[in-house]
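Remarks on the overall topology
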Amino acid sequence: MGTASSLVSPGEVIEDAYGGGGGEACEIPVEVKPKARLLRSSFRRGPRVIGASFKSTASVDLEYAAEYDRLKKDYDIFRVSKNNEIASMQKKEAKLDKENKRLRAELQALQKTYQKILREKESALEAKYQAMERAATFEHDRDRVKRQFKIFRETKEKEIQDLLRAKRDLETKLQRLQAQGIQVYDPADSDSDDNRTDMTTTGTHCEYWSGGVLGSEPSMGSMMQLQQTFRGPEFAHSLIDVEGPFANVNRDDWDAAVASLLQVSPLVSQSLWSNTVRCYLMYSPETQAEVDVFLKETHKLQRFCEGLGHFYLNIYFPEDSASCYSSERKEEIEKSSVCVLFLKSFISRSVLEDCEEAFFKNPEARLFLIYHRTVDREPPSALAREFIEKVTKADKANKAKVIDHCGDPEEGAYKTFTQLEKIIKQELFGYENLDFENKDSGIEDDPSSHEEEDFGDVLWDMHDEQEQIEAFQQASKSTCQLGFEKYIERLNDMVAAPPPIPPLLVSGGPGSGKSLLLSKWIELQQKRSPNTLILYHFVGRPLSTSSEPVLIIKRLTVKLLQHSWSISALSMDPLKILEEFPRWLERLSARHQGNIIIIIDSIDQIQQAERHMKWLIDPLPVNVRVIVSVNVETCPQAWRLWPTLHLDPLSPKDVKSVINAECLSAEIKLTKEQEKKLERHCRSATTCNALYVTLLAKMITGIKTAWDIDRIIQLCFQCQDTVSLYRLVLRAVQETLTAERDKELMKEIVCLVCASHNGVSESELLEMHPDLTSPVLASLLHKLQSMCMITYGCGIIKFQHLQAWEAVRLEYMDEEQHSTSMYREKLIKYFSQQLSQDRVTWRGADELPWLFQQQEEKQKLHRSLLNLFVSQNLYKRGHFSELLSYWQFVGKDKSSMAAEYFDSLKHYEKNCEGEDSMTRLADLYETLGRFLKDLGLLSQAVAPLQRSLEIRETALDPDHPSVAHSLHQLAGVYVQWKKFGNAEQLYKQALEISDNAFGSDHTRVARELDSLAMLYQKQNKYEQADKLRKRSLKIRQKSARQKGNMYGFTLLRRRALQLEELTLGNDTADNAKTLNELGVLYYLQNNLETAKMFLTRSLEMRQRVLGPDHPDCAQSLNNLAAIYNEKKENEKAEELYESALDIRRRALSPDHPSLAYTIKHLAVLYKRRGKLDKAVPLYELTVEIRQKSFGPQHPSVATALVNLAVLYCQVKKHKEALPLYERALKVYEDSLGRSHPRVGETLKNLAVLSYEEGDFEKAAELYKRAMEIKEAEPSLVCGKAPSRHSSADTISLRNALHPNVHIDVGHR
């Protein structure tokens, strides 16, 4: 369109206007640049005239050019104008930018000023609140101080009067004795304290001065003071004493062995089978009336046991059907805690069989209560009388109790119930006070209080721990070995490999025996390496409590911290628990003398195992080993690089041995053809694992149906994996049931277990199905358990293996739509009904919120969480992370959660009346405060804790122990809030109340001292913190000695029982050593008579096997002497010590530690009995032995020299004593320093000696120097000088349990 040719198309005919002939037009190559206006005008003028001249076209072009020039000029003017405008706009923009920056700077300055003013306002408000709080606290403290001072003044005035009166009496008696020329000498005093030997002259005065402590020489027996009392020298516990309580094991090795004795677990009642009080009832039709009334009353016991976290269950088999349940009866009797017999005149055969099994076979196994109904004015039947006499004769352990009743059956049933209630509370739960309803003091026997006392502020779930213990015990009791010897050796080698090594992986297919292997290995390790600390956890099925990662790590952390005597520093925040576990592990490993082994079975079943177990990837401490087991298919990829122990499929030999063992126990003989078929079948990867073969053997031997063995084998061959074989087991068990109702009940039971969170209990099944009887339930569970389908954990029925759970799901719960939801609704209905009856149990708290969450019923879950007692139950058992997950599921954050709890508490408070309800309200407020503190909402946590404190002070008493508990919790918030002044004041108030309520030696006082010590440590007040910690430690040690409530005692008892089983064989040296160790263990438990029995047996066996002159016989003699010494039978102890010394002098070298050990204690005994002439040569011999053992410049030699010098003074050999004192003084000064307390003690003794010799100036000079050292002594921490001979990091169990253990055990 830019050329003229564009106006004519090629081939177009152009007509000549001038009449020329037509022709074809040619393209004219002339380029024209027409403007838009030109084109428009040309189009406006109509069609172009064909054949016009080129001249007219040129004139047009000129016009166009003029137009173009004009337009170009206009454009240039327009461009210049716009450029000027743009420049102006840019100047304006720059100016606006500058103004904007200035305004922005001013805005920032104003914001900073605002924030500063806001902070000042908040600080002012905070200062105001603190001032008001201090004022209120001051008023409260002033009133309390007035009241306490009044009590203190009155008490002290009375004590002063008593002391003055006692002083006058003693002075009168002393003057009377001195007038008669009698010297005052009390050997019992010197025996009770190795620290002091006081020697003074008449008429002089000296204050009582306690000796210092020299590390592993904890006492010195050589101080003289100015009285006419002679207290003989006693040897210190020096480094020469290396025998006790384990022979030839030094003190550091003994401290290292403490860990094995303190494999700490909560104390689980051994009299309850799986957390259930099982009462087995035996009766005849004559006493049916009493049994009916008795069963109606037992719901009270059920509620009582529920409140303590246990189950209660009555088991009975009616007379008419008892013969059909013989095996079930035996099993139920074995599991029962107490058996009750209702007797009149007739005893049936089944009852006699039950009594034989329940009592006569093992009279000490369980409690036996007999209700005997008699008829007025009629003698009892001969059968009943003979039976009761037989029971009385067999009852050596006082386990049987008889109730004779003549009267109304209802009254007799009530008497029986009352007696049973007393037995359960006293014998099974250990209550001494039976007034459980009206507790008006804070020092009651409350298990929860003991639990919290034992574990500080850490919330511990006893049920989780018992479940783990039972899981380990059930696996370790299995007699099936499956060729584990090679795996155990490889595990030993891998654990013994030089560090650092990553975790050890035990892998295998499902059912390959990983849990069984680990349990067997743990059991062997505990026996072979007693100084190894072993922590284990067996993970259950997915989504159960045992597979919750935070609970697993918290449990392992608490068990670690129990070995440091302080577990209150553990955070409850789930993230912090996971983060801090490696640090706690590293700290304890640095302090622990032996190895630490952590075992987690089925770790791949943990939810998000790789994310929550990240600490496994980090390098482990040198003495820590971790063993985890996984399935091959589900093992995380990152873990496959670790050292691995893979469990191979069973060999044909192992398969045959497992099947033959089951057949042998069932007395079934397989044919050769059947054995070959089974061997050929068990060759694939899925049919040769341990679980499949075991289940196959039980199918052949354990199913009592119309099926013959060949048919059973044929049906089993159709099952190519464990799950399908479990499904066959379910069908086979159902086949053994005759009634259709029983078959439906069996399906109902396993489906309820499958649909629940952690399982269901027997009592819950009986309540949910009123038509289900005790015999039928017992029979069903017995069959399922015998077929490896179910097991028990903490009283709850669970599936024994994950494959069993899968089989039930496939067999019963996939056949109907929403069947899982249906069974969960049944459980929801049951536990909701419990809540409506105000029955808030640990089971309801565990199951109901979880069921609501699985059903995605957020509103119902929300309502259940707002049930304050449900949340309290979860929180107090340490399920903090679980509670948080429920709140997150309903879409609530921390603040809204706290607000809703506050509202619920306010609503509950409106309906509270009476002391009991107010006490529960205070508990709820305290739980909320602790919960908010763990959430990090410190400012919101103060209000509920203060409210709890106010309620307890008002409803109970300002000095009630519960008030101290509230003060302790409130102080904990202030510590976390960095308000140390407030926390210190509250801790001191709690300490004062606990001291007044429980006494200064109670563990509650120790708890407050520990808290104060931690507070002082945070403030860098290390000296004060150290004093409080040492005082707390003394209280705990004293409490352990007096009450025997230390965990070590329980484990000592368990170790003793294990050792007793080892002594049932023939007379051997090893059995004699075991008997000797048993004697030591019982001695540590303060059971002197039993210790004496075992030590006597050890001595007699050693004399028979080794001969009477063997050194091991001397060891037994020495230990027996220590027992008699403890019982104050000094004559017998002296005889035994002399016999032991005679043997050791002949058999051992003169400087042997065992010889020195016997010499030491015999010398002390001679001194105690006043036989100083016999004691002198022994003390002289001790000096020689110590010089040979440690060298002449050792402090232990100085101690022996001082002791000998004191003895010389007692026999008036002052000249021989002087060089000994001077030599001892030089050794002490050279080795310990001139300001050490031992130097002061020796100087004081030298002063007394100089005074006796008449050199008064020298005596005064020495005494003055001694007093200067004594006055400087408090500058040391607690008056104790540092020692170079002992480890400050270890606490000997020997010192914790018995400060003067003189027992040796021998190498094992």
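Here goes a summary of the coordinates provided.

The rules we used
- Residues numbered from 1 in each chain as written.
- Predicted model: local features only at pLDDT ≥ 70, side-chain atom pairs only at ≥ 80, totals over all residues.
- Heavy atoms only, no water.
- Pairing = 2+ DSSP bridges.
- Helix = DSSP H or I, 4+ residues; strand = E, 2+ residues; numbered from the N terminus.
- Axes fitted to C-alpha atoms, helices over the stretch in contact; angles between N-to-C directions.
- Contact = heavy atoms within 4.5 Å.
- Expected span 1.5 Å × (residues − 1).
- Buried < 20%, exposed > 50% of the residue type's maximum accessible area, 1.4 Å probe, protein only.
- Parallel < 35°, antiparallel > 145°, perpendicular 65-115°, else oblique.
- Left-handed = near helix turned anticlockwise from the far one by under 90°.
- Core = buried A, V, L, I, M, F, W, Y, C linked by side-chain atoms within 4.5 Å.
- Nonpolar A, V, L, I, M, F, W, Y, C, P; charged D, E, K, R; others polar.
- Lys, Arg positive; Asp, Glu negative; His and termini not counted.
- Salt bridge = Lys/Arg side-chain N within 4 Å of Asp/Glu carboxyl O.

Focus: the sheet that holds strand β11 (residues 624-631)
- The strand order across the open sheet formed by five strands is β9-β10-β11-β8-β12, and the pairing between neighbours is parallel. In this open sheet, the two strands that pair with only one neighbour each are β9 (533-538) and β12 (644-646). Adjacent strand axes in the sheet meet at a mean angle of 15° when their direction is disregarded.
- As defined by bridge partners, strand β8 (residues 504-508) adjoins β11 across five bridges and the pair is classed as parallel. By the bridge assignment for β11, Ser507 is matched with Val630.
- Those strands touched by helix α14 (residues 514-528) are β8, β9, β10 (596-601), β11 and β12, and its axis lies near 160° from that of β10.

Brief notes about α14
- Here α14 spans 21 Å end to end across 15 residues, near enough to the 21 Å set by a 1.5 Å rise per residue.
- Those residues of α14 that fall on the buried side of the exposure criterion are Lys514, Leu516, Leu517, Leu518, Ser519, Lys520, Trp521, Ile522 and Gln525.

Considerations on the packing of helix α5 (residues 288-297) against helix α10 (residues 409-428)
- In contact at an axis separation of 8 Å, α5 and α10 are set at 50° when each is read in the N-to-C sense. Overall, the two elements α5 and α10 adopt an arrangement that is oblique. Handedness of the α5/α10 crossing: right-handed. Contacts between α5 and α10 involve Ala289, Glu290, Val293, Phe294 and Glu297 from the first element and Pro409, Glu410, Ala413, Thr416, Phe417 and Leu420 from the second.

A look at the environment of His769
- By the element assignment, His769 lies in the loop between α24 (762-768) and α25 (774-786).
- Since its relative accessible area comes to 9%, His769 is described here as buried.
- A C-alpha to C-alpha distance of 9.9 Å links His769 and Ile749, two positions 20 residues apart in sequence.
- Ignoring sequence-local partners within four residues, the contact set of His769 consists of Arg741, Leu745, Glu748 and Leu752.

Description of the nonpolar core
- If you look at the biggest cluster of nonpolar residues, it comprises 158 residues, and the most contacted ones within it are Leu341, Phe368, Phe387, Met699, Met789 and Phe931.
- Beyond its immediate sequence surroundings of up to four residues, Met699 is in contact with Ile712, Cys716, Leu728, Val729, Ala732 and Met787.
- In this structure, Leu1136, Ala1140, Leu1220 and Leu1243 belong to the second largest nonpolar core, which totals 67 residues.

A word on the pairing of β11
- Taking burial as the measure, the eight residues of β11 include eight buried ones, the bulk of the element.
- What you see with β11 is no split at all: Val624, Val626, Val628 and Val630 on one side and Arg625, Ile627, Ser629 and Asn631 on the other are buried throughout.

Side note on the packing of helix α33 (residues 915-935) against helix α35 (residues 961-976)
- Taken N-terminus to C-terminus, the directions of α33 and α35 make an angle of 20°; their axes are 11 Å apart at the nearest point. It follows from the interaxial angle that α33 and α35 lie roughly parallel. For the element pair α33 and α35, the recorded crossing hand is left-handed. Along its contact with α33, which presents Glu926, Arg930 and Lys933, the element α35 presents His965, Ser966, Gln969, Gly972, Val973 and Gln976.
- For the contact of α33 with α35, the class distribution of residues is one nonpolar, five polar and three charged.

Notes on the environment of Ser1011
- Within the secondary structure, Ser1011 is located in helix α37 (residues 1003-1018).
- The class for Ser1011 is buried, based on a relative accessible area of 12%.
- When neighbours within four sequence positions are excluded, Ser1011 is seen to be in contact with His968 and Tyr987.

Concerning the side chain of Glu675
- Position of Glu675 relative to the elements: it lies in helix α19 (residues 672-681).
- No salt bridge forms around the buried Glu675; measuring N to O, its nearest opposite-charge neighbour Lys656 is 4.4 Å away.
- If we ignore the near neighbours within four places in the chain, the residues touching Glu675 are Lys656, Asn660 and Leu670.

As for unusual backbone geometry
- The phi dihedral of Asn275 is positive, around 65°, even though this residue is not glycine.
- Here Asn275 falls in the buried class, since its relative accessible area comes to 2%.
- For Glu667, which is not glycine, the phi torsion reads 60° and is therefore positive.
- Topologically, Glu667 is positioned in the loop between α18 (652-665) and α19.

Let's talk about the sheet that holds strand β15 (residues 796-799)
- On the basis of which strands lie adjacent, the open sheet formed by three strands has the order β13-β15-β14 and antiparallel pairing. Each edge of the open sheet is held by one strand with a lone partner, namely β13 (760-761) and β14 (790-793).
- Looking at chain direction, β13 and β15 are connected through two bridges and run antiparallel. By the bridge assignment for β15, Ser761 is matched with Ile796.

Quick word on the side chain of Ser864
- Position of Ser864 relative to the elements: it lies in helix α29 (residues 858-865).
- On the accessibility criterion, Ser864 (6% relative accessible area) is buried.
- Among all residues touching Ser864, those that are not within four sequence positions of it are Pro849, Phe852 and Val870.

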